[in-house]
Amino acid sequence: MKHLLSPLDFSVEELDELLELARDISKDPKKYSHVCDGKKLATLFYEPSTRTRLSFEAAMLNLGGSVLGFSSADSSSAAKGESVSDTIRVISCYADICAMRHPKEGAPMVAASKSGIPVINAGDGGHQHPTQTLTDLMTIRELTGSLDNFTVGLCGDLKFGRTVHSLINSLVRYKNVKFVLISPKELRVPDYIRDDVLSANNAEFEEVENLEDAMPKLDILYMTRVQRERFFSEDEYLRMKDFYILDKAKMELAKESMYVLHPLPRVNEISVEVDDDPRAAYFKQAQYGVYVRMALIMTLLGLN
Ligand code: CP
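A brief report on the enclosed structure follows. (Residues numbered from 1 in each chain as written. Predicted model: local features only at pLDDT ≥ 70, side-chain atom pairs only at ≥ 80, totals over all residues. Heavy atoms only, no water.)

## Brief notes about the overall build of the protein chain
- Within the protein chain, the regular secondary structure consists of 11 helices and nine strands.
- Along the three orthogonal principal directions, the C-alpha set of the protein chain runs to about 55 × 45 × 40 Å.
- Each of the 304 residues in the protein chain was classed as buried or not, and the buried ones make up 54%.
- In the protein chain, 75% of the contacts between residues at least 6 apart in sequence involve partners at least 24 apart.
- Of the roughly 13100 Å² that the protein chain leaves accessible, carbon and sulfur atoms contribute 48%.
- Looking at charge distribution, the protein chain has the averaged site of its 36 positive side-chain charges lying 3 Å from that of its 45 negative ones. (Helix = DSSP H or I, 4+ residues; strand = E, 2+ residues; numbered from the N terminus. Buried < 20%, exposed > 50% of the residue type's maximum accessible area, 1.4 Å probe, protein only. Contact = heavy atoms within 4.5 Å. Areas by Shrake-Rupley, 256 points an atom, 1.4 Å probe, with all protein chains shown as cover. Lys, Arg positive; Asp, Glu negative; His and termini not counted. Charge placed at Lys NZ, Arg CZ, Asp CG, Glu CD.)

Dropping the structure here:
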């Protein structure tokens, strides 16, 4: 039984197969509309979500399956003190596969160790968000035709942003991907990402604070929200929250071929005036999230 807890749980070759399947699904979703007839997906969300939970649910429904689950810890027996381990043992009796989001880093891994069904990490604290990474990889591949030979700027909260950690973990495995890490010094990537992932893989990277200076060299700009829920102090969050605002003037500094991605939700970091720019790809990215999660469900259930 295979789980998806980290983006590294799939080899580059397995990822290629999954992304190829997601592409095929995007071209003709109807072809897949009965692949999961009779199967059930449980969505166990101990933290808020719009895209991840609902795109998982849409994915399973598109495949002909059914969904069950909860959307907050308060509406589950976690509120009475039930452990993740006990919960997953029970859910294994009700569903064929589950997607779990939890504020504690490593909670989906604990669940997987006790689970009778495949567990998908749908975001664990400030740690990893592997299915967002699958979405990001599909978006870059579909827009540019490749996952090799480009410069990506990751901008905003690189300390707490789990989507950034997962994406860096994954992109270091492709050829000639250069990283420009754009953040205030307080929100730089954690040491383990800099040392154990970027440096350990001999990735070319620089850490800068100024977005305008970085813009002309980027092929992909990956904007992120400042993660209010992970800050210890509200004052510190307020000081950081509008550090970067991508607007039309900054977009004029970028290549005509540069794409803007964002895992969403956005707060203020991308002005709505950018939404009409043909290089703004973040809503298309959300659509790709459904196709790639359909491919993931099929793959983990052995139905591909
Ligand atoms: N991108 C993402 O994880 O969005 P949600 O928090 O809405 O699921």
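## Some thoughts on unusual backbone geometry
- Following Leu264, the chain continues to Pro265 via a peptide bond in cis, the omega torsion being 5°.
- Checked against the element boundaries, Pro265 lands in the loop between strand E9 (259-261) and helix H11 (282-300).
- Of note in this structure, Asn202 is not a glycine but carries a positive phi near 55°.
- As for its placement among the helices and strands, Asn202 is situated in the loop between helix H7 (191-199) and strand E7 (204-208).
- On the basis of relative accessibility, which here comes to 71%, the residue Asn202 falls in the exposed class.

## Digging into the sheet that holds strand E4 (residues 119-124)
- Taken together, the four strands give an open sheet; going across it, the order is E2-E1-E3-E4, and neighbouring strands pair in parallel fashion. Both outer strands of the open sheet, strand E2 (66-70) and E4, are each paired with one neighbouring strand and no more. Each strand axis lies, on average, 15° off the axis of its neighbour in the sheet, ignoring direction.
- Taken together, the five bridges between strand E1 (residues 40-45) and E2 define a ladder with parallel strand orientation. Across the sheet, the residue bridging to Leu41 is Val67, located in E2.
- Most of the contacts of helix H2 (residues 51-62) go to E1, to which it runs at about 175°, and overall it touches E1, E2, strand E3 (97-102) and E4.
- Across the sheet, helix H4 (residues 107-114) is in contact with E3 and E4; its angle to E4 comes to roughly 165°. (Pairing = 2+ DSSP bridges. Axes fitted to C-alpha atoms, helices over the stretch in contact; angles between N-to-C directions.)

## Topic: the packing of helix H5 (residues 130-144) against helix H6 (residues 162-171)
- Relative orientation of the contacting elements H5 and H6 amounts to 60°, with a least axis distance of 8 Å. Put simply, H5 runs oblique to H6. Our pair here, H5 against H6, has a crossing hand that is right-handed. Contacts between H5 and H6 involve Pro130, Gln132, Thr133, Asp136 and Leu137 on the former and, on the latter, Thr163, Ser166, Leu167, Ser170 and Leu171.
- Across the contact of H5 with H6, the residue classes tally to four nonpolar, five polar and one charged. (Parallel < 35°, antiparallel > 145°, perpendicular 65-115°, else oblique. Left-handed = near helix turned anticlockwise from the far one by under 90°. Nonpolar A, V, L, I, M, F, W, Y, C, P; charged D, E, K, R; others polar.)

## Let's talk about the state of the cysteines
- Going through the model one piece at a time under the given rule, you end up with zero disulfides.
- Here Cys36 is not cross-linked by a disulfide; its sulfur's nearest cysteine counterpart is in Cys98, at 15 Å. (Disulfide = S-S within 2.5 Å.)

## Regarding the layout of surface pockets
- Approximately 400 Å³ is the volume found for the largest pocket.
- Around the largest pocket sit 21 residues that line it, and Arg101, Arg162, Arg225, Leu264 and Pro265 are the ones nearest its centre.
- Residue assignment for the lining of the largest pocket shows that the elements contributing at least two residues are H2 and H6.
- Partitioned by chemical class, the residues of the lining of the largest pocket number four nonpolar, 10 polar and seven charged.
- One number sums up the size of the second largest pocket: a volume of about 160 Å³.
- With three residues, helix H1 (residues 12-27) is the single largest residue contributor to the lining of the second largest pocket.
- Of the residues contributing to the lining of the second largest pocket, the split by class is three nonpolar, two polar and six charged. (1 Å grid on protein atoms, 1.4 Å probe; cavity = no way out; pocket = protein on both sides within 12 Å on 5 of 7 lines; lining within 4 Å. Points joined across faces, edges and corners; volume = space filled by probe spheres on them.)

## A short note on the site of the ligand
- As a matter of local geometry, the ligand sits amid Ser49, Thr50, Arg51, Thr52, Arg101, His129, Gln132, Pro263 and Leu264.
- Thr52 places a polar side-chain atom, nitrogen or oxygen, 2.6 Å from an oxygen atom of the ligand.
- Note that an oxygen atom of the ligand is positioned 2.8 Å from one of the side-chain N or O atoms of His129.
- Relative to its unbound accessible area of 260 Å², the ligand is 91% covered by the protein chains.
- With respect to the pocket detection grid, the ligand is positioned in the largest pocket.
- Partitioned by chemical class, the residues of the shell around the ligand number two nonpolar, five polar and two charged. (Near = heavy atom within 4 Å. Polar contact = N/O pair within 3.5 Å; in protein donor to acceptor, adjacent residues only side chain to side chain. Sits in = over half its atoms within 2 Å of the grid points.)

Spatial relationships are all this shows, so hold off on functional conclusions.
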